[in-house]
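Working through the structure, step by step
Below, each chain spelled out in residue letters.
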Amino acid sequence: MSRIGRAPITIPAGVTVKVDENNLVQVKGPKGELARKIAQDMKITIDGNILTVSRPSDDKTHRSLHGLSRTLIHNMVVGVTDGFTKNLEIVGVGYRAAKQGKNLQLNLGYSHPVIIEAPAGITLDAPTATSITVHGIDKELVGAVAANIRKWREPEPYKGKGIKYVGEHIIRKEGKAGGKK
């Protein structure tokens, strides 16, 4: 059995989970509402405030979907209760971020400022000029928006300039050698 798939999900107070016949899981909580279609073969049972996911057989596809299905549902429950956050930091002279209404304006050394619009359900914030916070209830969407922001100026290996995740280690290169005399 999958260790992750076998683990039960505890549904906290204030969160409601509905599963219809097509394995469409709807989770409502204090922060919002999420819905996702889970693999048809997985059996989702709710007993009180405990949700379990089981698989019909030990077939390879069922084994691979078991832990995934449980993790997707767990992320939905955590998202509507706590939410997810990705923190990015900007390194480089003249590189900065500023909040502009719901959008984010980045100055990254291009001839024009880069304007990033926040999709529905995502909040973009710039607490300081060199840090960006992406917050939302959908873990997949938060990660995708953070990756798209990082893509505008990925950290380079010589000076480490660019947009990186907080705590991300950039492998540095030495640079050009002085040459022979």
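Residues numbered from 1 in each chain as written. Predicted model: local features only at pLDDT ≥ 70, side-chain atom pairs only at ≥ 80, totals over all residues. Heavy atoms only, no water.

What follows concerns the nonpolar core. One recurring pattern in soluble globular proteins: nonpolar side chains tend to sit buried together. The biggest cluster of nonpolar side chains holds 20 residues, and the ones touching the most others in it are I90, L104, L106, L124, I132, V134 and I149. Only β7 (84-91), β9 (103-107), β10 (114-116), β11 (122-125), β12 (131-136) and α3 (139-151) provide two or more residues apiece to this core. Examining the composition of this core, we find that four residues originate from one element, α3, more than from any other. Those residues in contact with I132 that lie beyond four places of it in its chain are K86, N87, L88, I90, A97, L104, L106, D125 and I149. Grouped together as the second largest cluster of nonpolar side chains are 17 residues, V25, V27, I44 and L51 included. (Core = buried A, V, L, I, M, F, W, Y, C linked by side-chain atoms within 4.5 Å. Buried < 20%, exposed > 50% of the residue type's maximum accessible area, 1.4 Å probe, protein only. Helix = DSSP H or I, 4+ residues; strand = E, 2+ residues; numbered from the N terminus. Contact = heavy atoms within 4.5 Å.)

The next point concerns α3. Taking 1.5 Å as the rise per residue, α3 with 13 residues should run 18 Å; its terminal C-alpha atoms sit 18 Å apart, in good agreement. If you follow the buried residues of α3, they end up packed against β7, β9, β10, β11, β12 and β13 (162-165). (Expected span 1.5 Å × (residues − 1).)

Below, the discussion takes up the environment of G79. Locating G79 in the fold gives a position in helix α2 (residues 60-81). Residue classification places G79 among the buried residues on the basis of a relative accessible area of 0%. Remark: the alpha-carbon pair of G79 and E33, spanning 46 residues in sequence, is separated by 9.0 Å.

Turning our eyes to something else, we now look at α2. Compared with an ideal rise of 1.5 Å per residue, which puts 22 residues at 32 Å, α2 spans 33 Å between its outermost C-alpha atoms and is within 8% of the ideal. Taken residue by residue, α2 has H62, H66, G67, S69, R70, I73, N75, M76, V77, G79 and V80 as its buried positions.

Paired through backbone hydrogen bonds, the strands of a sheet run either parallel or antiparallel to each other. On the basis of which strands lie adjacent, the open sheet formed by three strands has the order β1-β6-β5 and antiparallel pairing. The open sheet terminates on both sides in strands that have one partner only, identified here as β1 (9-10) and β5 (43-47). Sheet topology places β5 next to strand β6 (residues 50-54); five bridges connect them, and they run antiparallel. Within β6, the residue paired with K43 across the bridge is S54. Its contacts with the sheet put α2 on β1, β5 and β6, and the angle it makes with β6 is roughly 155°. (Pairing = 2+ DSSP bridges. Axes fitted to C-alpha atoms, helices over the stretch in contact; angles between N-to-C directions.)

Residue placement: T133 occurs in strand β12. Given a relative accessible area of 18%, T133 falls into the buried group. Among all residues touching T133, those that are not within four sequence positions of it are T85, K86, N87, T123, L124, D125 and P127.

Time to look at the sheet that holds strand β3 (residues 24-29). Taken together, the three strands give an open sheet; going across it, the order is β2-β3-β4, and neighbouring strands pair in antiparallel fashion. In the strand order of this sheet, the two ends are held by β2 (16-19) and β4 (32-37), each with one partner. Taken over all neighbouring pairs, the strand axes of this sheet differ in orientation by 15° on average, direction set aside.

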